[in-house]
Structure formats: structure tokens, C-alpha cells
Amino acid sequence: MLIQIFEYNGSALVAMVGKNCFAIASDRRLGVQLQTIATDFQRISKIHDRLFLGLSGLATDAQTLYQRLVFRHKLYQLREERDMKPETFANLVSAILYEKRFGPYFCQPVIAGLGDDDKPFICTMDSIGAKELAKDFVVAGTASESLYGACESMFKEDMEPEELFETVSQALLSSVDRDCLSGWGGHVYVVTPTEVKERLLKGRMD
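Since we're looking at a predicted model, the values are computed, not measured.

Caption draft 1: Spatial organisation of the environment of D27. For D27, the position within the fold is in strand β2 (residues 21–27). Separated by 161 residues in the primary sequence, D27 and V188 have C-alpha atoms spaced 8.9 Å apart. If near-sequence neighbours (up to four positions away) are discounted, D27 is found in contact with S11, A12, F41, R43, L172, V176, S182, G183, G185 and G186. A distance of 3.0 Å separates a polar side-chain atom of D27 from the backbone nitrogen of A12. Only 2.8 Å separates the side chain of D27 from the side chain of R43, close enough to count as a polar contact.

Here it is, written out as C-alpha cells:
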């Protein structure tokens, strides 16, 4: 039953590291099992200019969790007078999820950010906050198996922002075609120390 809850709305999320930059991408489908409800659903949210959060899993829980995290980050900004580092934010997400471990949020977060000296940080975790850190890429959602395969074969170290965009986009589009619960285009953010580029991808509309 638990697995079906994670697959109820369908999702595909991937974050990938480049040379002093990172990309985070998601599909745009919101479904109820096999019925498509929306084709412009937003899974990735900006916490601040150098930190992004993607939430796969049950859409209602994702929106609730996102609101709690924004609230906690705003409190941190007021108290500390600075933005949260990606590592600190990952610890916050993990703590909030673990707090609710006996009735968890049915979400798998993907956190991507630029830390001190512009070093990219990516991580994902399960629904009770067990972190998985990576130096290359992380994936989540119903298309995660095919995303692993695509990213594993396409990833190169120290990619420049444009090449990183191309790689993450191709990995996402080819993976969602093998998963009937995700797809319907893509949403990609490429983040460098100086700018954030947001692009929408057209994919198979079925």
C-alpha cells in the first residue's frame, strides 16, 4: 500500500553536478494514477538564489512540506540574517521528515545548491529523512530506475552549464518515456554562481 501512495501522482526528478554549477530538472505531469490531471505542475521550488528543492511523491504532501520548509527558512533568515547553506537545509529537511516518521510525509526530496566557494551540493532522502549524498547526480520519483540508467551513461565530470543542461534534459526526456506515470514535458533549472537559467522542455504528450 505504501508504495502505491508514492506512485499515486507520478513524478520524475533529477539533480546533476557540473563545474561550479548544478542542474535540477523535473517532469510536469500531475496525475491520479493513470489519469492526467495537469500538465504544468511545479515540482521544483526556489528556496533562495543558490538553493533549490524538488519534491517527488504525493503532491499534497509535497505542497504541505514545501510550505513548512519555506516558513522555517524565513525564520532562519530573520534570526541569522543570511541564507541557509545547502548542507544546513538538507539537515533541516531530514529533521522535519524524521520528526513525522510514524506518519510520514509521502515525499522524496531532492536538494541542490551552491555552497561556499561555489561548490555544488546535491542530495536526496527517503520519506523519513535518511540522506543520500552524491558527487555526480541524484534521482527520485516513479521514473527513478530509468533515470539512474540514463544519468549513469550520460554523466561526465566538470561539465559547463550548457553541456550540463543538454545532458540532464536528454536524461530526463528519455527516462520519462519509459514510465507511464511521469512525463508531459520537463522543467530545468541550471544554476551558476552568477545566474539562474530556467527552461521548459517539450516532451511526448501521451
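That shown, we press on.
Caption draft 2: View of the sheet that holds strand β8 (residues 120–125). Taken in spatial order, the 5 strands of this open sheet run β5-β6-β7-β8-β9, and their pairing is antiparallel. At either margin of the open sheet sits one strand with a lone partner, and together these are β5 (44–48) and β9 (131–134). Sheet twist, expressed as the average angle between the axes of neighbouring strands with direction ignored, equals 20°.

Caption draft 3: The arrangement of the state of the cysteines in detail. A complete count under the given rule lists 0 disulfides for this structure. C151 supplies the cysteine sulfur nearest to C21, a cysteine that is in no disulfide, at a spacing of 15 Å. With a relative accessible area of 0%, C21 lands in the buried category. C123 carries a free sulfur, and the closest cysteine sulfur to it, the one in C107, is 14 Å from it. Relative accessible area serves as the criterion here: at 0%, C123 is assigned to the buried category.

Caption draft 4: Quick peek at the pattern of salt bridges. Considering all chains together, one arrives at 11 salt bridges under this definition. Across the pair R82 and E80 runs a salt bridge, and its minimum N-O distance is 3.5 Å. Look at R82 and you get partly exposed, because its relative accessible area is 40%. Residues R204 and D206 are paired through a salt bridge, measuring 2.8 Å at the closest nitrogen-oxygen approach. Since its relative accessible area comes to 52%, R204 is described here as exposed. One salt-bridge network, held together by shared partners, links E162, E195, K197 and R199.

Caption draft 5: Broad picture of the pairing of strand β4 (residues 35–38). Strand direction decides the pairing type here: strand β3 (residues 30–32) and β4, joined by 3 bridges, are antiparallel. Note that in β4 the partner of V32 across the bridge is Q35. Hairpin remark: β3 followed by β4, antiparallel, with 2 residues in the connecting loop; positive phi at Q33, about 55°.

About the cut-offs
Residue indices follow the written sequence of each chain, beginning from 1 at its first position. Residue-level local features of this predicted model are given only where pLDDT is at least 70; pairs of side-chain atoms are given and counted only at 80 or more, and the full residue set underlies all totals for whole chains, interfaces and linings. Neither water nor hydrogens contribute to the side-chain values; these are computed over all heavy atoms in the structure. Helix and strand definitions follow DSSP, with helices as H or I runs of at least four residues and strands as E runs of at least two, each counted in order from the N terminus. Any two residues whose heavy atoms approach within 4.5 Å at even a single point are treated as in contact. Whenever two N or O atoms come within 3.5 Å, that pair is a polar contact, provided that in protein one can donate a hydrogen and the other can accept it, and provided that, for residues adjacent in sequence, both atoms are side-chain atoms. Strand pairing is assigned whenever DSSP identifies at least 2 bridges connecting the two strands. For every element, the axis is a line fit to its C-alpha atoms; helices are fit only across the contacting stretch, and the angle between N-to-C directions ranges from 0 to 180 degrees. Disulfide: a pair of cysteine sulfur atoms within 2.5 Å of each other. For each residue, the accessible area found with a 1.4 Å probe, counting protein chains only, is set against the maximum for its type, and the residue is called buried under 20%, exposed over 50%, and partly exposed in between. For salt bridges, the criterion is a side-chain nitrogen of Lys or Arg within 4 Å of an Asp or Glu carboxyl oxygen.

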